Each structure stands twice: as structure tokens, then as C-alpha cells.
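Report on the structure
Here is how the chains run, residue by residue.
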Amino acid sequence: MAKKRRKSSSKFFIILFVLFVICVVALFIVKPEVFKSITNLFNKKDNQTTINSDDLTIHFLELGVKNTGDSIYIKAGDTDILIDAGSTKESASTITKYLNQYVTDGKLEYVIATHGDKDHISAFVGPKGESGVLDSFKVDTIIDFPRTTKTTTIYKDYVAKRENLVKQGTKHFTALECFNNENGAKRVYELSKGIELEILYNKFYEENTTDENNNSVCLMINQGSRHFLFTGDLEKEGEDALVKNNKLPEVELFKAGHHGSKTSSNDALLSVIKPKIVCVCCCAGSDEYTKIDDNMFPTQAFISRVCKYTDKVYVTSLATEDQSSFTSMNGNIVVTSKKDQEVMVNCSNNNTILKDTEWFKKHRKWE
Ligand SMILES: [Zn+2]
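Residues numbered from 1 in each chain as written. Predicted model: local features only at pLDDT ≥ 70, side-chain atom pairs only at ≥ 80, totals over all residues.

A look at the overall build of the protein chain
Per the secondary structure count, the protein chain includes 11 helices and 16 strands. Per-residue burial over the protein chain gives 45% buried out of 367 residues. Expressed as a percentage of contacts within the protein chain between residues at least 6 apart in sequence, the contacts between residues at least 24 apart total 68%. (Helix = DSSP H or I, 4+ residues; strand = E, 2+ residues; numbered from the N terminus. Buried ≥ 20, exposed ≤ 12 C-beta atoms within 10 Å, placed from the backbone. Contact = placed C-beta atoms within 7 Å.)

Section: the pairing of strand β5 (residues 138-144)
Among the seven residues that make up β5, five are buried, leaving the element largely enclosed by the rest of the structure. Inspection of the sheet shows strand β4 (residues 107-113) paired to β5 by six bridges, in the parallel sense. Of the residues in β5, the one forming a bridge with Tyr 110 is Thr 141. Considered for its hand, the β-α-β crossover made up of β5, helix α6 (residues 153-167) and strand β6 (residues 171-174) is right-handed. (Pairing = 2+ DSSP bridges. Right-handed = clockwise from strand over helix to strand, strands pointing away.)

Looking at the sheet that holds strand β2 (residues 72-76)
The sheet built from eight strands is open, its strands ordered β6-β5-β4-β3-β2-β1-β15-β16 with mixed pairing. Both edges of this open sheet fall to β6 and β16 (344-347), since each of them pairs with a single strand only. Between one strand axis and the next, the sheet turns by 20° as a mean value, whatever way the strands run. On the sheet, α6 packs against β4, β5 and β6 and is oriented at approximately 130° with respect to β5. (Axes fitted to C-alpha atoms, helices over the stretch in contact; angles between N-to-C directions.)

Things to note about unusual backbone geometry
The omega angle of the peptide bond from Gly 86 to Ser 87 is -5°, so this bond is cis rather than trans. Along the chain, Ser 87 turns up in the loop between β3 (79-83) and α3 (91-100). Residue Pro 298 is bonded to the preceding Phe 297 through a cis peptide linkage, with omega at -15°. In this structure, Pro 298 sits in the loop between β12 (277-284) and α10 (300-306). Phi is positive for His 258, which is not a glycine, with a value near 45°. Mapped onto the elements, His 258 comes out in the loop between β11 (253-255) and α9 (267-273).

Some points on the pairing of β6
Strand direction decides the pairing type here: β5 and β6, joined by four bridges, are parallel. Pairing of Ile 142 across the sheet is with His 172, part of β6.

Considerations on the environment of His 115
With respect to the helices and strands, His 115 occurs in the loop between β4 and α4 (118-125). Under the C-beta neighbour-count criterion, His 115 is labelled buried, with 26 such atoms within 10 Å. Discounting residues that sit within four places of it in the chain, His 115 has contacts with His 120, Phe 145, Thr 148, Glu 212, Asn 213, Asn 215, Ser 216, Gly 232 and Asp 233.

Concerning the environment of Asp 78
Assignment of secondary structure puts Asp 78 in the loop between β2 and β3. The spatial distance from the C-alpha of Asp 78 to the C-alpha of Thr 104 is 9.1 Å, given a sequence separation of 26 residues.

Here we look at the nonpolar core
Ranked by internal contacts, the top residues of the largest apolar core, which has 92 residues, are Phe 124, Ile 143, Leu 219, Cys 279 and Val 280. When residues of this core are assigned to their parent elements, the largest contribution, eight residues, is made by β12. Once residues lying within four places of it in the same chain are set aside, the contact partners of Val 280 are Ala 256, His 259, Gly 260, Pro 298, Val 313, Tyr 314 and Val 315. (Core = buried A, V, L, I, M, F, W, Y, C linked by C-beta atoms within 7 Å.)

Digging into the sheet that holds strand β13 (residues 313-319)
Spatially, the eight strands line up as an open sheet ordered β7-β8-β9-β10-β11-β12-β13-β14, and their pairing is mixed. Two strands in the sheet have a free side with no partner beyond their single neighbour: β7 (188-192) and β14 (326-328). Each strand of the sheet is rotated relative to its neighbour by a mean of 20°, with strand direction disregarded. Relative to strand β8 (residues 195-199), β7 runs antiparallel, the two being bridged by four bridges. Counted as the bridge partner of Tyr 189 is Leu 197 from β8.

Focus: the packing of α4 against α6
The geometry of α4 relative to α6 is characterised by a closest axis approach of 9 Å and an angle of 50° between their N-to-C directions. Between α4 and α6, the angle falls in the class oblique. Seen along the crossing, α4 lies across α6 with a hand that is left-handed. Contact residues: α4 offers Lys 118, Ile 121, Ser 122, Phe 124 and Val 125, while α6 offers Ile 154, Tyr 155, Asp 157, Tyr 158 and Lys 161. Partitioned by chemical class, the residues of the contact of α4 with α6 number six nonpolar, one polar and three charged. (Parallel < 35°, antiparallel > 145°, perpendicular 65-115°, else oblique. Left-handed = near helix turned anticlockwise from the far one by under 90°. Nonpolar A, V, L, I, M, F, W, Y, C, P; charged D, E, K, R; others polar.)

What follows is the structure, encoded as C-alpha cells:
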């Protein structure tokens, strides 16, 4: 008799368990967001407990001209880093003025030039007879691209300015020397308490390519469990190899590859890094490189790939309808990551995400 009761009560628990599983599965199908918020809760806890660092601020700059280009200023504690100085020589005064608000000691600890295209190095040089960014600050260390096929005046002028700084005591390393920890260069630089700059391996540091963009220096800023990825103008072939050759984590922030072009920010990379925030340095809707609307930065192909991961996409500038000039989209985009706080985005013009902008509604689809 007792045996029978035990048997029926265990049957009861099995039925109860099956019902519970069915309910959980049904809830997952009907309301997946419940599960997402539960996982988020764990992630958040993880993020907050593993961050014990100084403040990190990343600025994606407007460049004072209609041309698309990159210039990204990073402040990690008291350490100042500048990645690229585009888009034209005339951008030098805009960048210098912006940096002067934050670089209180007149010195950039690290300057990184990702590759030799003019929209990334012109403002380091500046207009003839005027100061470039490299003339306006003391620089501790310059890290740049090991390979280039550039023979342009702007490239030569950049090298001349760099060598002039080296004569005055600035250290200069290529990204390959950094990756290999050679000649005094380091793969990982401690920028500030709990924040590091890590040079990633791009196979085109060592292999020839006909596409200058693939020569780009690739780097990660690590702040505990938070990661921020910068790949310059790296193209598909470079991105594929980057994924293969580096153990990339999921990232808080990804600087959209190559200004949001159709050939960068591909699935192979995005599916690994799963970015939460994407910042695009470009003049949206400008016909600088193409007359085809879908292919103007940020391209429809880029949006169609990135929309699977986040809607937090921000863009610096916007071309006017008549193409004669530019205005701010988000303006200067400032991403802040502090201990015990979620990563925040604050922009100089407005904080409207790309898909909610008037330009987007007129020119792009979120799909
Ligand atoms: Zn570029």
C-alpha cells in the first residue's frame, strides 16, 4: 500500500514538472523579453562587479568640413589618446580646439594613425603654413600602420611630421611591433587604472594588399568586462581574418568599419562582437563617393547587417539636401563608461538614434 502511494506521488511530481517545463517553454515563446531581462540582470551584475577602473570617455568628432573622415579622442583617467585626424587638412583647427577642452597638459600620451588614407591623417599635417594636430600637442607615443602603398604628398607630409616628433623624443612603433612586443613596443598598454589599450592582430600588418583600408591598425580598449573595438577602415577580408586570428569578446561599442560602408561591418565580425552601441564617423547622405543613395554612408547594406544587434546607432554629421554643405546629425558623439553605471551616450546636437532620424525615414529601411 505504502509503495503504491509513493509511486502515485512521484507520478504527481513528474506531471507537475512536465507542466512546469511546458509553462516555461510557452512563456519563452510568448514573452521572450522576460528571459532577456533576466539574462540582462545577470550581465549587468557581471559588468558592474568587474569594473573597478577610472572613468573612460570616447569622443567621435565632427570635423568641421563636409567630407567624411575619422577622428576619435579617448580619455582614460588622465591619459589622452587620439585615433586618426581626418578628414581634410582644414579639420586640424576643429580637432585641436575640441581636444584643448580636455587635454589639460598639452600632451597626447598616444596617437594612433590607422592607415594612410587622407581622411584619417590629413589633419595631423594641417593646411600649408598653419598648425596641424601633430604641431599642436606634445606626443609620447605614435602607433601606426606597418604597411602602405601610399605615395601621396599628404602621406609624405605625415611621415615628415612624425619623424620630426621622433627627433624630439616621441616614441614611434608600428602596430606589428606592438603586437610582437618588439623594440620597446607593447601589445597591451595600461592607460589608467583598470583601462588598457590592446593592439589586435591584423594579418595585413605582414601581408600585402591592394586595398589601403585593409592596412588599418585594429585595437581594443578594455575596461574590465567592457570592450570597445576600433578597426579603422578594415574591409571584409581583413575582418574575416581579424575574427580568425584574435579571440574577440562581445563589445559595448564598435566604431562602424569604414564609415558604415557596404564592404565593412560584416556578419562574420558582428556575430562575434555583438555590439551594443555602434558609432559611425561620416557625413550621412553625402555624394562624396557615390551618387547611388543606398551606397552613401551609412549604407543600407551596413544598416541591414547591424540592425540585428542593436538600434543604438549614432552618426556624426549629415550632408545638406543640396549637397553644398553639412550639418550635425548627432554631432560629436560622447560615450562614457564609469564604474557602477551603464555605458551612456551623449551627443552635442541630439541623442536621436539613427533609425528615428528624419534622414533615415526618407532614405533607409530598418531591415
Ligand atoms: Zn576612411
